[in-house]
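# Summary of structural features
Next come the chains, spelled out residue by residue.
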Amino acid sequence: MPTTPWTTFRQPDGDREYLVLLTELPLRWFRDLPGFFGHTLRIQSQLRSTSGVIGYSLLARVFRKRFWTLSVWEDEAALKAFVAQAPHLTAMRSLRGKMMNTRFIRWRIRGSEYPPKWPEALGRLTQG
């Protein structure tokens, strides 16, 4: 699964502020890749019908078993609603114990800065 280009569901308002979420998802074992990919496809489908999402991208380093998602949301409430629904909720439960330490980093951008850039986002991981 290669890095996906930005998928934009709704053009952001250039003057409005939006929530950005970077998620780091390191798998423990190669044997869990097929299940992970299945969850990923279902979650991507879920995003298409989710209100409050502006857009997302996925960075995949399959042979390192490392994945990152970068998404932009109207607000925290929209993100929380998405996470609490299947298939995302199902994926989190299914992958528990199959992941190493996942990390979640949030920040805000103006719509005029959309989409966030991967190098900047990944740099935030090293900033803590």
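Structure's up top.
The present account deals with the structure reproduced in this document. (Residues numbered from 1 in each chain as written. Predicted model: local features only at pLDDT ≥ 70, side-chain atom pairs only at ≥ 80, totals over all residues. Heavy atoms only, no water.)

Below, the discussion takes up the overall build of the protein. Summing up its helical and strand segments, the protein has four helices and five strands in all. Relative to a compact globule of 128 residues, whose C-alpha radius of gyration would be 14 Å, the protein shows 14 Å and is just as compact. Each of the three principal axes of the protein carries a C-alpha extent, and together these read 45 × 30 × 25 Å. Put simply, the protein has 128 residues, and 44% of those count as buried. Counting contacts in the protein only where the partners sit at least 6 residues apart, residues at least 24 apart contribute 80% of the total. (Helix = DSSP H or I, 4+ residues; strand = E, 2+ residues; numbered from the N terminus. Rg over C-alpha atoms; globule rule 2.2 N^0.38 Å. Buried < 20%, exposed > 50% of the residue type's maximum accessible area, 1.4 Å probe, protein only. Contact = heavy atoms within 4.5 Å.)

In space, the five strands of this open sheet follow the order β1-β3-β4-β2-β5, with antiparallel pairing throughout. In the strand order of this sheet, the two ends are held by β1 (7–8) and β5 (103–110), each with one partner. Looking at chain direction, β1 and strand β3 (residues 53–61) are connected through two bridges and run antiparallel. Residue pairing for β3: T7 is matched across the bridge by Y56. (Pairing = 2+ DSSP bridges.)

Side-chain positions along a regular strand alternate between the two faces of the sheet. Strand β4 (residues 66–73) sits mainly inside the fold: six of its eight residues count as buried. With eight bridges connecting them, strand β2 (residues 17–26) and β4 associate as antiparallel partners. Within β4, the position partnered with V20 by the bridge is V72. Two elements, β3 and β4, share eight bridges in a ladder whose sense is antiparallel. Residue pairing for β4: L59 is matched across the bridge by W68. Between the end of β3 and the start of β4, which pair antiparallel, lie four residues, with K65 showing a positive phi angle near 60 degrees.

Here we take up the pairing of β2. The buried fraction of β2 is high, at nine of 10 residues. Taken together, the eight bridges between β2 and β5 define a ladder with antiparallel strand orientation. From the neighbouring strand, Y18 faces β5, where its bridge partner is I109.

Before going further, it helps to examine the nonpolar core. Counting 15 residues, the largest nonpolar core has L22, L70, V72 and W107 as the members making the most contacts within it. At the level of elements, β2, β3, β4, β5 and α4 (118–127) are the ones that each hand at least two residues to this core. (Core = buried A, V, L, I, M, F, W, Y, C linked by side-chain atoms within 4.5 Å.)

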